[in-house]
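Here is how the chains run, residue by residue.
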Amino acid sequence: MDDTTPPTDGPHLVRRKTVLRAALAATAAVPAALLGGPALARTLASGDTVPPLTPACDDGDDPTPPQMEGPYFKPGSPRRASLLDAGTTGTRLTVSGYVFGLACRPIGAVLLDFWQADANGAYDNTGYRLRGHQFTGADGSFTLTTIVPGLYPGRTRHIHVKVQAPNRPVLTTQLYFPNEPRNNTDTIFDPRLLMTVRDAGGGAKEAAFDFVLNVPQDPGGPDPTPTATGGTWAQGTTYRVGDRVTYAGRAYSCLQAHTAQPGWEPPAAPALWRAL
Ligand SMILES: [Fe+2]
C-alpha cells in the first residue's frame, strides 16, 4: 500500500507512516533510532523496493506464529529492558518493534519475556543472565537491549520470547536473524519470524520485529492513542533532540528535530519522541 491507496490499516498506522516519511524527508541525518524502527520496514516495503521481512501489519494478517518453548525457559525473570550485565560480552544488539492486535492497532502493557543464549551459545540455568521481561508502552512499542546470541548445536541463531497481552493467552515464539547459514537446516526455523537486522555502527546491530497477537480489535473504534489532556507539547513548536515535553500526563524526550504538527503527538510518533 502507498499513501495514494485507500487506507486499510487504521488511522493510527497511516498517521505514523506519514510521520515517518515526513521525518525522513525533513532531514538527511536520520538517527539510528529511526532507521531501526519497524515502521520504516513497512515504509520501505510499501515502496516495493525492499521485501517485507518484518511482518507488516495489515488487516487480515495472520498472527505471529508460535514456536516451541525449548528446555531453557525460567519463570521469574527480572523486569528490565536491557539484558546487559557487567561483564556481558558479545555483539551489542537492539531489538525494537511494536505489538499489534488483529486490527493492527497497537497494544500497550503487553508483557514481553525474553531469554537467550550468551555469545558462546550457553543459557544461564542457575541465574538470570540474558533473561528479562518488560512491558510495551501505551503506543505498543518495546525496545530490547542485548547481545547477538551465540550458536549451539542443532539450532540456528535465535532469541526466545513469550508475549502476553493483558488477560490474553501467552504467545511463545522465537525470533531469527537473516543470512544465517543454519536457517536452511534448522527444522524449527520459520522465515515469518525473521527480524530485520542492520549494522548500527561501532560493531553493534539494530533489529526490528513487530508482533501481531490474536487479540480481536475494533478497527473502527476509537484511536487507542491518548488524546491531549494538557502538557507542555504544543503544535508549531520547533523541538530539538533532547528537548523534553509532557503530554497526556507522560514525559517525553525528543529523538529528532522537527516542528510539532497535529498527528505528531508524542504517543503517536515514537520515532520522534521517547517516553521517559
Ligand atoms: Fe534456544
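Relevant structure appears above.
This one's a predicted model, so the numbers in the text were calculated from it and none came from an experiment.

Visitor: Explain the overall build of the chain here, please?
Guide: Helices and strands together make up the secondary structure of the chain, namely three helices and 14 strands. By residue count, 38% of the 276 residues in the chain fall in the buried class. Relative to all contacts within the chain whose residues are 6 or more apart in sequence, the contacts with residues 24 or more apart total 66%.

Visitor: Got a minute to help me understand the pairing of strand E4 (residues 141–147) in this structure?
Guide: The buried count for E4 comes to five of seven residues, which makes it a mostly enclosed element. Examined bridge by bridge, strand E1 (residues 92–100) and E4 share seven bridges and lie antiparallel to one another. Bridge assignment links Val 95 to a residue of E4, and that residue is Leu 144.

Visitor: Would you take a moment to explain the environment of Gly 90 for this structure?
Guide: Structurally, the position occupied by Gly 90 is in the loop between helix H3 (38–46) and E1. Residue class for Gly 90 comes out partly exposed when judged on the 16 C-beta atoms lying within 10 Å of it. The spatial distance from the C-alpha of Gly 90 to the C-alpha of Ile 147 is 5.6 Å, given a sequence separation of 57 residues. For Gly 90, the contacting residues outside a window of four places in its chain are Asp 118, Ala 119, Ile 147 and Val 148.

Visitor: Looking at this structure, I do not really get the environment of Thr 246. What am I missing?
Guide: Structurally, Thr 246 can be placed in strand E11 (residues 244–247). For the pair formed by Thr 246 and Leu 276, sequence separation is 30 residues and the distance between their alpha carbons is 9.6 Å. When sequence neighbours within four positions are dropped, the list of residues in contact with Thr 246 reads Gly 231, Thr 232, Trp 233 and Ala 251.

Visitor: Please clarify how the sheet that holds E11 should be interpreted in this entry.
Guide: Backbone-to-backbone hydrogen bonds pair the strands of a sheet. The strands run either parallel or antiparallel. The strand order E11-E12-E14 describes an open sheet built from three strands, whose pairing is antiparallel. Two strands close off the open sheet at either side, each with one partner strand: E11 and strand E14 (273–275). In this sheet, adjacent strand axes meet at a mean angle of 40° when their direction is disregarded. Across four bridges, E11 lies against strand E12 (residues 250–254) in antiparallel orientation. When the bridges of E12 are listed, Tyr 247 appears paired with Arg 250.

Visitor: Just checking my understanding: could you explain the nonpolar core for this structure?
Guide: Nonpolar side chains tend toward joint burial in soluble globular proteins. Membership of the largest hydrophobic core comes to 37 residues, with the highest contact counts inside it found for Val 99, Phe 100, Val 163, Met 195 and Leu 213. Those elements giving two or more residues to this core turn out to be E1, strand E2 (111–115), E4, strand E5 (158–164), strand E6 (171–176), strand E8 (204–208) and strand E9 (211–212). In terms of residues, this core owes the most to one element, E1, which gives five residues. Excluding its chain neighbours within four sequence positions, the residues that come into contact with Leu 213 are Pro 63, Val 99, Gly 101, Ile 107, Val 163, Ala 165, Arg 168 and Leu 171. Counting residues in each nonpolar core, the second largest holds 13 residues, with Trp 233, Tyr 252, Trp 264 and Ala 268 among its members.

Visitor: Mind showing me how you'd approach the sheet that holds E2 here?
Guide: Across the sheet, which stays open at both edges, the four strands sit in the order E3-E2-E5-E6 with antiparallel pairing between neighbours. Each of the sheet's edge strands pairs with one partner strand only, and the pair in question is strand E3 (131–135) and E6. Between one strand axis and the next, the sheet turns by 25° as a mean value, whatever way the strands run. Where E2 lies against E5, five bridges are found, and the strand directions are antiparallel. Counted as the bridge partner of Asp 113 is Lys 162 from E5.

Visitor: I tried to follow the pairing of strand E7 (residues 196–201) on my own but got confused; where do I start?
Guide: Look at any regular strand and the pattern is simple: side chains alternate between the two faces of the sheet. Pairing between E7 and E8: five bridges, direction antiparallel. If you follow Arg 198 over to E8, its bridge partner there is Glu 206. Once E7 ends, the chain turns through two residues before running back antiparallel as E8, passing Gly 202 with a positive phi of about 65°.

Visitor: When you look at unusual backbone geometry in this model, what are you seeing that I'm missing?
Guide: Trans peptide bonds make up the majority, and among non-glycine residues the majority have a negative phi. In the Ramachandran plot, Leu 130 falls in the positive-phi region, its phi being about 60° despite a non-glycine side chain. The topology assignment puts Leu 130 in the loop between E2 and E3. In this structure, Asn 167 is a non-glycine residue whose phi angle is positive, near 60°. The topology assignment puts Asn 167 in the loop between E5 and E6. C-beta crowding within 10 Å serves as the criterion here: with 6 such atoms nearby, Asn 167 is assigned to the exposed category.

How each quantity is defined
- Residues numbered from 1 in each chain as written.
- Predicted model: local features only at pLDDT ≥ 70, side-chain atom pairs only at ≥ 80, totals over all residues.
- Helix = DSSP H or I, 4+ residues; strand = E, 2+ residues; numbered from the N terminus.
- Buried ≥ 20, exposed ≤ 12 C-beta atoms within 10 Å, placed from the backbone.
- Contact = placed C-beta atoms within 7 Å.
- Pairing = 2+ DSSP bridges.
- Axes fitted to C-alpha atoms, helices over the stretch in contact; angles between N-to-C directions.
- Core = buried A, V, L, I, M, F, W, Y, C linked by C-beta atoms within 7 Å.

Any functional reading would require information beyond the geometric quantities listed.
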